[in-house]
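Residues per chain, in single letters:
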Amino acid sequence: MSVSDVLGEIVFLMIGRSIQLCVWLTLCLGITAVAAVLQWISKKKLIHWVIRIAVAATACIIIWMLVDDLIAIIKYGSMWFGIWLALCFAVTAVTVIVQIINKKLRKKEPIHWAIKLGGYAVFYTISYFAIMKLLGSYPGNWISIDKEYRELMYELYNQELACYEYESIREGSNGEIVITFKKNSHISDQILETTSEQRDYITLKTAAEEYLEESESFQGRRINIVFKYSYGEPLCNIYNFDPRTGEMGTDAPCWFVTGIIYANNCTELAEFYHDFSEISVWVRTMDDMQELANLSNLTCLHLYVSGEVKGNKELEKQYLEELNTLLPDCEIHLNDF
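A short tour of the structure in this document, coming up. All figures in this text were calculated on a predicted structure; none of them were measured in a lab.

## Things to note about unusual backbone geometry
Unusually for a residue other than glycine, D288 sits at a positive phi of about 60 degrees. Turning to its location among the elements, D288 is positioned in the loop between β7 (276–283) and β8 (300–305).

Structure below.
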């Protein structure tokens, strides 16, 4: 998650927290008003203690909210940015307390406000770049996941991708590792963009496969690599297990693709997905259809064809017959929405 995204989350949190504080302050004012009435009736000094308690409780609640939000940012947003904010908050709070003690208790001359602001600005700036340099290379939510997932996450996070960027990692509801990437660029050439996206899919799938083969602790682990648009809508999923049954291959992972993955032609499809067990894909053209015979591991194909094939039953029937000849042991669905 970028700094701008984190700042957006912070603004959202501040709005929510402001509403909560308004409700709390309204309650405090109500209690103070009741105390004032009781004091007027009973002639006992109640308001003084009520205000003290209300101020102390409000300060504790504000600190609790800040700490809670900072922990959320560090764990799920941007680790280094959240740690920087926490450091700034802690140093500022400590210096303010020290200044109050010096002024009220030790009767020392206070530091000029311009010097204070300058010191804060210098500290914030230096600490920002120092923490960004030390921790900025780590994925945003690495603290929120189990330690054993992190090496795999770093492996995928550091891959050179053309269209996608790492977003998050978590454990799924069925025990699988869910790693999410979101689209972060748009290429004006649609054909080139389609090819670049597919290369990203295969780059990450290959990196995950190699890591699983080398890591004994991850053998037998199920992975779901999720790709989505920048605005959050899911695009497709790549699994190393059958998402319907949860079963994995015994000798080698069975890779599945669900959702719609675009391919420009059958040659590209055969090149990128040659070792997949199940593919759900939209192709722009059926040119070089004979190349699909190279999909030797394929057991199920959901093929969606745009252009003249769409809605042409005779042409669909012809293509389906040819596909069954090329892939005799594969279950094939053509334009079956």
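Read on for the rest.
## A closer look at the pattern of salt bridges
For the coordinates displayed, the defined rule picks out eight salt bridges. Note that K182 is salt-bridged to E165, the shortest N-O span being 3.9 Å. A residue pair is termed long-range when its members are at least 10 positions apart, and K182 in strand β2 (residues 177–183) and E165 in strand β1 (residues 164–171) qualify at 17 residues. By relative accessible area, which is 32% here, E165 ends up partly exposed. The closest approach of N and O atoms between E278 and R244, which form a salt bridge, is 2.7 Å. Of this pair, E278 sits in strand β7 while R244 sits in the loop between β4 (234–239) and β5 (255–259), and the two are 34 residues apart along the sequence. The exposure class of R244 is exposed, given its relative accessible area of 59%. Here the salt bridges do not stand alone but share partners, grouping K183, E193 and E197 into one network.

## Concerning the packing of aromatic side chains
Going through the model one piece at a time under the given rule, you end up with 18 aromatic pairs. Measuring from centroid to centroid gives 5.1 Å for W84 and Y128, while their planes differ by 80 degrees, and the two rings are edge-to-face. Taken together, the positions of W84 in helix α3 (residues 79–104) and Y128 in helix α4 (residues 113–135) put the pair 44 residues apart, joining distant regions of the chain. Assessed through its relative accessible area of 14%, W84 is described here as buried.

Basis of the calculations
- Residues numbered from 1 in each chain as written.
- Predicted model: local features only at pLDDT ≥ 70, side-chain atom pairs only at ≥ 80, totals over all residues.
- Heavy atoms only, no water.
- Helix = DSSP H or I, 4+ residues; strand = E, 2+ residues; numbered from the N terminus.
- Salt bridge = Lys/Arg side-chain N within 4 Å of Asp/Glu carboxyl O.
- Buried < 20%, exposed > 50% of the residue type's maximum accessible area, 1.4 Å probe, protein only.
- Phe/Tyr/Trp six-rings, centres within 6.5 Å; stacked < 30°, edge-to-face > 60°.

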